[in-house]
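Results of the structural survey
Listed below are the residues making up each chain.
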Amino acid sequence: MQSFRSQLTTGEDVVDPVTWAGSVPQAHGIAPRVRYGRSRWFNLLWLLPIGFVVLIVAVAAAKGLRATPSVARFIERYPGTAEAAGSDPNPGLPLWVGAQHFLNLFLMIFIIRSGVQILSDHPRLYWTRHSTPGKDWFRIQKPVPADPLWTAKQDSISLPGQVGLPGIRHSIGLARWWHLGIDTMWLLNGLVFYVLLFATGQWRRLVPTSWDVFPNAGSVLIQYLSLNWPTETGWAAYNGLQLIAYFITVFLAAPLAVITGLGMSPALSTRFKRISKVLSIQTARSLHFLVLVWFLLFIVIHVTLVFTTGLLRNLNHIYAGRNDGSWVGFGVFAASMVVVIVGWVAATPFTLRHPRVVQQVGFALIGPAQRLFEHLDSTPGEYTDKDISPYFWHNGQYPDSPEYQALLQGNFADYRLRINGLVDNPVDLDLAQLRALAPHEQITQHFCIQGWSGIAKWGGVSMQTIMDLVTPQPEAKWVVFYSLGDGPDKGIYYDAHPIEQMSYHLTMLAYDMNGQPLSFGHGAPLRLRNETQLGFKQVKWIKGVEFVAHYSQLGGGYGGYNQDHEFFGYRQSI
Ligand SMILES: Nc1nc2c(c(=O)[nH]1)N[C@H]1C(S)=C(S)[C@@H](COP(=O)(O)O)O[C@H]1N2
Ligand SMILES: [Mo]
């Protein structure tokens, strides 16, 4: 094994966009498109002129409507804000609401930017758990080329550095630390908000308690559109339209963001198959995106109305806890915007200069949750033959060494799997010997970190059988899989797994896929399956398995090739 270890490389501690991810050139996406019918695509940029025309027509219609006596009577009956709420003896917003509002907006900037970055790593959305090219309903990338070995990495796109976080192509490892790490703070802030809301009675401002909210919302909509706006009542109570928008955002969109986010986790999806049958990773990912669309629309409309319906008074409400026309709230707002702008502008350059800090802080924040999910045995996660995906993406760096070429040419007759390290009985196995061991078959779902998924039938040997053969010593805590192939930055691809996951029912070495010997692209002659983890941990083209006390002595010491070179985490159960 010493020879395998010496073929590992350490990885860099700064990101050079030129040499990043094997010097992958930056590639730009296309304007968002939505599919209609079998293969026709609608360019969403058309929504800009269409929306503009619709708005003009709506304004004209609202003006016309207001002139009719029945609509005038309706608006008089439903002025916009429910009477009962307006009679609050203690109107106004407490200062904690302002503080949490600021924290929320500050954190959401990083969540949204890194979320869009994650989308760009597989810039397509689907409604089934398969990720079949041409069956996507949304894409910001050209159609998938015909090349049968086209990889998901080749399909990824770059973003401008101040839009995406960190912008450069295939930077999902870093984007995920931002996204999941900041999520923990955002959730904590949200949890405190919920508790205070219900403990102080402030919830009454956000939860509609009468059906009148709907006619009131309709009335406000007509009033806004007719450009003759309702009286502002925000200090005492929100109008119907605000109430509905805020209620959806706080009580529906935010929880849905969490649920759909967790719906993409391999460990949870595989463990809780009843739920993931409906909320499959792709449905979850599509809904997660629609939640983002809601938040973006909300932000645009909310900020526009704050600015146009009495800016100083509105800013005093949320930033200064007062109801007057002074400049105090504006001053606090302006100071807070300095923090926001500095954070926004610094995030990408900081990430490229200090990626290990992002990796470690992110791990400190979300690692405990990942550890929790990692211990879920995934026994229920099996599918049937009819679930097998018609298309299974390829990914990663194909092996091109003379060593591998010779093995492939010889139909792997000279192939030997070397298993040793902290074991009583190290072995070298050829393919015939591997096939002579107790066979194991499973139909399971693969979750690539980039976002695509696919179901396949894997045939091979369960890792438990291998462990029975070699007998790991008590000091062995991690199992390292070495590949015949290099990673994109040279040095062989490898990954370390905790030993307890090796005895899970669905952890195996596969030599067959869908009833055929494993193809070159999918890892011939042997690959790993550990169904509680994301795809990058499923090492392909395996040449060696080593049982070790800890992975810190190997390569860069972070637990795998992508961890060393692309700042992933070894623990990727979400
Ligand atoms: N040796 C090696 N194994 C690898 C990779 C790689 O680049 N090299 N890529 C990983 C990634 S990111 C994924 S998603 C899966 C893809 O497996 P597939 O090509 O069979 O879909 O293999 C994993 N195993
Ligand atoms: Mo992947």
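Residues numbered from 1 in each chain as written. Chains lettered and ligands numbered in written order. Predicted model: local features only at pLDDT ≥ 70, side-chain atom pairs only at ≥ 80, totals over all residues. Heavy atoms only, no water.

Considerations on the packing of helix α3 (residues 47-67) against helix α9 (residues 213-225)
Running from amino to carboxyl end, α3 crosses α9 at an angle of 110°, the nearest separation of the two axes being 8 Å. On the basis of the axis angle, α3 is roughly perpendicular to α9. Touching Leu55, Ala58, Val59, Ala62 and Arg66 of α3 are Ile222, Gln223 and Leu225, all from α9. Split into classes, the residues belonging to the contact of α3 with α9 amount to 6 nonpolar, 1 polar and 1 charged. (Axes fitted to C-alpha atoms, helices over the stretch in contact; angles between N-to-C directions. Helix = DSSP H or I, 4+ residues; strand = E, 2+ residues; numbered from the N terminus. Parallel < 35°, antiparallel > 145°, perpendicular 65-115°, else oblique. Contact = heavy atoms within 4.5 Å. Nonpolar A, V, L, I, M, F, W, Y, C, P; charged D, E, K, R; others polar.)

Notes on the pairing of strand β9 (residues 478-486)
Burial analysis of β9 places 8 of its 9 residues in the buried class, which makes it a mostly covered element. In the sheet, β9 pairs with strand β10 (residues 492-498) via 6 bridges, with the strands oriented antiparallel. Within β10, the residue paired with Phe481 across the bridge is Asp495. Count of turn residues in the β9/β10 antiparallel hairpin: 5 residues, of which Lys490 carries a positive phi of about 70°. Two strands pair when backbone bridges link them, and β9 and strand β14 (residues 542-548) are joined in this way by 6 bridges, in the antiparallel orientation. Each residue of the ladder has a partner; that of Trp478, found in β14, is Val548. (Buried < 20%, exposed > 50% of the residue type's maximum accessible area, 1.4 Å probe, protein only. Pairing = 2+ DSSP bridges.)

Comments concerning the site of ligand 1
In the vicinity of ligand 1 lie 20 residues, with Trp393, His522, Arg527, Gln538 and Lys540 positioned nearest. One nitrogen or oxygen atom from the main chain of Asn395 is found 2.9 Å from an oxygen atom belonging to ligand 1. In isolation ligand 1 has 530 Å² of accessible area, and contact with the protein removes 99% of it. (Near = heavy atom within 4 Å. Polar contact = N/O pair within 3.5 Å; in protein donor to acceptor, adjacent residues only side chain to side chain. Areas by Shrake-Rupley, 256 points an atom, 1.4 Å probe, with all protein chains shown as cover.)

Some thoughts on the sheet that holds strand β2 (residues 40-43)
Strands sit in the order β2-β1-β4-β3 across an open sheet of 4 strands; the sheet is antiparallel. A single partner strand is all that each edge strand has here, and the edge strands are β2 and β3 (124-125).

Things to note about the packing of helix α13 (residues 281-308) against helix α14 (residues 311-320)
With their axes 6 Å apart at the nearest point, α13 and α14 run at an angle of 115° to one another. Of the residues in α14, those touching α13 at Leu305, Val306 and Phe307 are Leu311, Asn314 and Leu315. Of the residues contributing to the contact of α13 with α14, the split by class is 5 nonpolar, 1 polar and no charged.

So, the packing of aromatic side chains
As enumerated under the stated definition, the model contains 40 aromatic pairs in all. Ring centres of Phe110 and Trp178 lie 5.2 Å apart, and the angle between their planes is 25°; on these two criteria the pair is classed as stacked. Of this pair, Phe110 sits in helix α6 (residues 95-121) while Trp178 sits in helix α8 (residues 172-200), and the two are 68 residues apart along the sequence. Taken as a pair, Phe110 and Trp178 share a single burial class, namely buried. Geometrically, the ring pair formed by Tyr391 and Trp393 is edge-to-face, given 5.8 Å between the ring centres and 85° between the ring planes. In this structure Trp393 comes out as buried when scored by relative accessible area, which is 1%. Lying over the aromatic face of Tyr558, Arg356 brings its terminal NZ or CZ to 4.1 Å of the ring centre. (Phe/Tyr/Trp six-rings, centres within 6.5 Å; stacked < 30°, edge-to-face > 60°. Lys NZ or Arg CZ within 6 Å of the ring centre and 35° of its normal.)

Things to note about a nonpolar patch on the surface
A cluster of nonpolar side chains, Trp127, Leu290, Val293, Leu297, Val300 and Ile301, forms an exposed patch at the surface whose accessible area comes to about 530 Å². Along the chain, Trp127 falls in the loop between β3 and β4 (138-139). Its relative accessible area of 42% is what places Trp127 among the partly exposed residues. (Patch = residues over 30% accessible without salt bridge, like charges linked within 9 Å, V, L, I, M, F, W, Y side chains within 5 Å. Salt bridge = Lys/Arg side-chain N within 4 Å of Asp/Glu carboxyl O.)

Quick look at the environment of Ile75
Inspection of the secondary structure puts Ile75 in helix α4 (residues 69-77). The exposure class assigned to Ile75 is buried, which follows from its relative accessible area of 9%. In this structure, the C-alpha to C-alpha distance between Ile75 and Ser219, residues 144 residues apart in sequence, is 5.6 Å. The contact partners of Ile75, leaving out residues within four places of it in the chain, are Arg66, Ser219, Ile222 and Gln223.

With respect to the pattern of salt bridges
Taken as a whole, this structure holds 11 salt bridges when the rule is applied. For Arg124, the salt bridge is made with Asp155, and the minimal N-O distance between the two is 2.8 Å. One end of the pair, Arg124, is in strand β3; the other, Asp155, is in helix α7 (residues 152-155), with 31 residues separating them in the sequence. Residue Arg124 is classed as buried on the basis of its relative accessible area, which comes to 1%.

Some points on the pairing of β10
Most of β10 sits inside the fold, with 7 of its 7 residues counted as buried. Of the two faces of β10, the one lined by Ile492, Tyr494, Ala496 and Pro498 and the one lined by Tyr493, Asp495 and His497 are each fully buried.

Some thoughts on the sheet that holds β10
Spatially, 5 strands are ordered β6-β5-β14-β9-β10 in an open sheet, and the strand pairing comes out mixed. Two strands close off the open sheet at either side, each with one partner strand: β6 (427-429) and β10. Taking the axes of each pair of neighbouring strands and ignoring which way they run, one obtains an average angle of 15° across the sheet.

Concerning α6
For α6, spanning 27 residues, the distance from its first C-alpha to its last is 40 Å, which sits close to the expected 39 Å at 1.5 Å a residue. In terms of burial, α6 is largely enclosed, as 19 of its 27 residues are buried. (Expected span 1.5 Å × (residues − 1).)

Quick look at the domain arrangement of the protein chain
Per the domain assignment, the segments of the protein chain are domain 1 (5-14 + 378-566) and domain 2 (20-51 + 95-208 + 239-374). Its C-alpha centre places domain 1 at a distance of 33 Å from the equivalent point of domain 2. The partner domain 2 presents 46 residues to the 47 residues of domain 1 that form the contact. Counting the surface lost from both domain 1 and domain 2, the interface buries some 3700 Å², and carbon and sulfur atoms represent 56% of this. Here domain 1 is connected to domain 2 by 1 salt bridge. Only β7 (440-447), β8 (453-462) and α20 (561-566) provide two or more residues apiece to the side of domain 1 that touches domain 2. (Domains from an automatic or database assignment. Buried area = accessible area lost by both parts, 1.4 Å probe.)

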